[in-house]
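Secondary and tertiary structure notes
Each chain, letter by letter, is given below.
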Amino acid sequence: MTSAGRPRPTAHETGDAGVNGVGTERRSLLVRGGRRLVGEVILAGAKNSALKLMAASLLADEPSTIRRVPRIADVFTMIEMLRALGAEVTFDDGELRIDPSGQLNDCAPYELVRRMRASIIVMGPMVARLGRATIAMPGGCNIGPRRIDFHIRGLQKLGAAIEIEHGFIKVTCDGLRGAVVPLDYPSVGATENLLMAATAARGTTVIENAAREPEIVDLAKFLMSMGAHIEGAGSSSIAIEGGHALHGAIHEVIADRIEAGTYLLAGVVTGGDVSVSGLNPPCLELFLNKLRAMGVQVDEGDRTIRARALGPLQPVDVSTLPHPGFATDLQAQFMVALSLAEGTSIVTENVFENRFAVVDELNRLGAGITTSGHHAVVSGPRQLTGSVVEAPDLRGGAALAIAGLVAEGATEVRGLHHIDRGYEVFDVRLAALGADVERIEGRYAAGSAGR
Ligand code: EPZ
């Protein structure tokens, strides 16, 4: 039993995918196409907020409680990270209690940073709390090199000294000082690391060209409830009056907008009728407008969204951009819907260098997508047929599962550990909407799943 008194997390919850993402066990999702998805998904807390809130709790020397935390592999990895740093953590029924009041360690271990590059988000809080940090370089992943130069230059602007050697970033400072920190690009992670570090910087810090994602606003709200003085979160200029001691707080994570878009698309491609609830709709406006342009009926209620494909889907062009632009985390899933549309669509990926890795796998299922640099040309309509495919990353895996929902026959999506990193019980949620899905652990489905 974990210290929380709950059964130990199962392998798929802890993302037992080894250090290099090569599963120490085989794990796949078997999807049989042809079912209409109908029903409602009560959204989990946002992965891309929860992980940062967990890191931010280190800024106080008192316990904090974070609610609506999804039971996903990345959360369990971050729990391991916080414990490695010396915090006490319990996790029960979506509620995390983090007590960082003991003496914290100043080194974030390689194997955890390698497993989840988002671990870099502990750098800001560690420097703020301890005045020093040693963090393994996160390295790249399937969607790009995932550089951290904006994080480093920003901390230097706040007075930190940084050395990179032997694959580690060593940060030291004798007191952070407020400064104007312009970002070359509205990086989500850099904005978050600098926002957290700035709470300990004497004087005022202004982050210019800051990211505007809803998860930034959620983090700022948590920090302010801890006693931080922050203005402008959600805009491209955030001002922080640092130097105030922070105390513990209680906070509920915002709903996961990417999970919302994923399930809405699963409904649309199957000609179904899916609603998501617990969301603040303004965070998906461009995505919803693109669905409407495809001929999808989208109804927005108070914290609910419903999407129905009332007829053949129409092609649309999509360019991913920082928020409030079209979210890059919905790009792969959206290409499945475009593959069914009656015409050709152009998808331009402006955020990551290599976020078309799933295209080859989608084409194995019968999609007709060609890529050139940052552009993908998606021809439709295509009749998808089931086969064995390999998830290249989290959102690519979700896209392959969505394709399997509409493909003729069975599709086996291998690399399910990628999906388990960011979606809470993905198979259970799809089955509850009427999908014919089966989680296969420890082996792959017999023979080719294409028949
Ligand atoms: C966050 O990644 C999310 N991850 C990503 O979600 C999301 O796709 C991304 O923001 C954009 O919205 C988490 O929140 C854990 P960035 P992050 O810094 O912070 C370049 C998912 O599927 N860059 O905004 O890493 C970088 O290479 C994940 O849930 C630099 O060049 O995103 C990339 O091309 C995937 N130097 C671009 O900016 C830097 O110092 C966007 O990166 C930092 C970033």
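Nothing here was measured: the structure is a model prediction, and the numbers come from that model.

Let us look at empty space enclosed by the protein. Enumeration over the complete set of coordinates arrives at four cavities of 30 Å³ or more. Space inside the largest cavity adds up to approximately 70 Å³. Lining of the largest cavity is provided by Arg 257, Cys 283, Leu 284, Glu 285, Leu 286, Phe 287, His 323, Pro 324, Gly 325, Phe 326, Ala 327 and Leu 330. Of all the elements, helix α9 (residues 285–293) adds the most residues to the lining of the largest cavity, at three residues. Here the residues of the lining of the largest cavity sort into eight nonpolar, two polar and two charged.

Examined at the domain level, the chain breaks down into domain 1 (3–35 + 314–450) and domain 2 (47–252). The C-alpha centroid of domain 2 is placed 29 Å from the C-alpha centroid of domain 1. With 31 residues of domain 1 at the contact, the number on the domain 2 side is 30 residues. Of the roughly 2500 Å² buried at the junction of domain 1 and domain 2 (both faces included), carbon and sulfur atoms supply 49%. The tally of links between domain 1 and domain 2 comes to two salt bridges. Between Glu 353 and Arg 147 there is a salt bridge whose closest N-O contact spans 3.2 Å. If you look at where domain 1 meets domain 2, you find five residue pairs in polar contact (both at pLDDT 80 or more). Secondary-structure elements contributing two or more residues to the side of domain 1 that touches domain 2 are α12 (394–406) and α13 (416–422). A total of four residues in the side of domain 1 that touches domain 2 trace back to one element, the largest contributor, which is α13. A per-class count over the side of domain 1 that touches domain 2 returns eleven nonpolar, ten polar and ten charged.

Taken together, 25 residues sit near the ligand, with Lys 52, Asp 149, Ser 187, Asp 329 and Val 351 positioned nearest. Note that an oxygen atom of the ligand is positioned 3.3 Å from one of the side-chain N or O atoms of Arg 355. Within the side chain of Arg 395, a nitrogen or oxygen atom sits 2.8 Å from an oxygen atom of the ligand. Relative to its free-state accessible area of 830 Å², the ligand is covered by the protein chains to the extent of 90%.

Once that is clear, we can look at the layout of surface pockets. In this structure, the second largest pocket occupies an estimated 320 Å³ of space. Residue lining of the second largest pocket: 17 residues in total, with Pro 214, Lys 221, Ile 254, Asn 280 and Cys 283 positioned closest to the centre. A per-element tally of the lining of the second largest pocket places helix α7 (residues 214–225) first, with four residues. Tallied by class, the residues present in the lining of the second largest pocket amount to eight nonpolar, three polar and six charged.

Right, let's talk about the nonpolar core for a bit. Core analysis: the largest hydrophobic core is formed by 79 residues, its most contacted members being Met 54, Met 78, Leu 96, Val 122, Ile 135, Leu 195 and Leu 223. Residues within four places of Met 78 in sequence aside, it is in contact with Leu 51, Met 54, Met 116, Ala 118, Ser 119, Ile 121 and Val 122. Among the nonpolar cores identified, the runner-up in size contains 73 residues, and Val 31, Leu 43, Phe 326 and Ala 401 belong to it.

Further remarks concern the sheet that holds strand β3 (residues 64–67). What the four strands build is an open sheet, ordered β4-β5-β3-β14; its pairing is mixed. Two strands lie at the open edges of the sheet, namely β4 (88–92) and β14 (250–252), each paired on one side alone. Direction aside, neighbouring strands of the sheet carry axes that sit 15 degrees apart on average. One ladder, built from three bridges, connects β3 with strand β5 (residues 95–99); its direction is antiparallel. When the sheet's bridge partners are listed, Ile 66 is paired in β5 with Leu 96.

What counts, and where the lines are drawn
Residues numbered from 1 in each chain as written. Predicted model: local features only at pLDDT ≥ 70, side-chain atom pairs only at ≥ 80, totals over all residues. Heavy atoms only, no water. 1 Å grid on protein atoms, 1.4 Å probe; cavity = no way out; pocket = protein on both sides within 12 Å on 5 of 7 lines; lining within 4 Å. Points joined across faces, edges and corners; volume = space filled by probe spheres on them. Helix = DSSP H or I, 4+ residues; strand = E, 2+ residues; numbered from the N terminus. Nonpolar A, V, L, I, M, F, W, Y, C, P; charged D, E, K, R; others polar. Domains from an automatic or database assignment. Contact = heavy atoms within 4.5 Å. Buried area = accessible area lost by both parts, 1.4 Å probe. Salt bridge = Lys/Arg side-chain N within 4 Å of Asp/Glu carboxyl O. Polar contact = N/O pair within 3.5 Å; in protein donor to acceptor, adjacent residues only side chain to side chain. Near = heavy atom within 4 Å. Areas by Shrake-Rupley, 256 points an atom, 1.4 Å probe, with all protein chains shown as cover. Core = buried A, V, L, I, M, F, W, Y, C linked by side-chain atoms within 4.5 Å. Buried < 20%, exposed > 50% of the residue type's maximum accessible area, 1.4 Å probe, protein only. Pairing = 2+ DSSP bridges. Axes fitted to C-alpha atoms, helices over the stretch in contact; angles between N-to-C directions.

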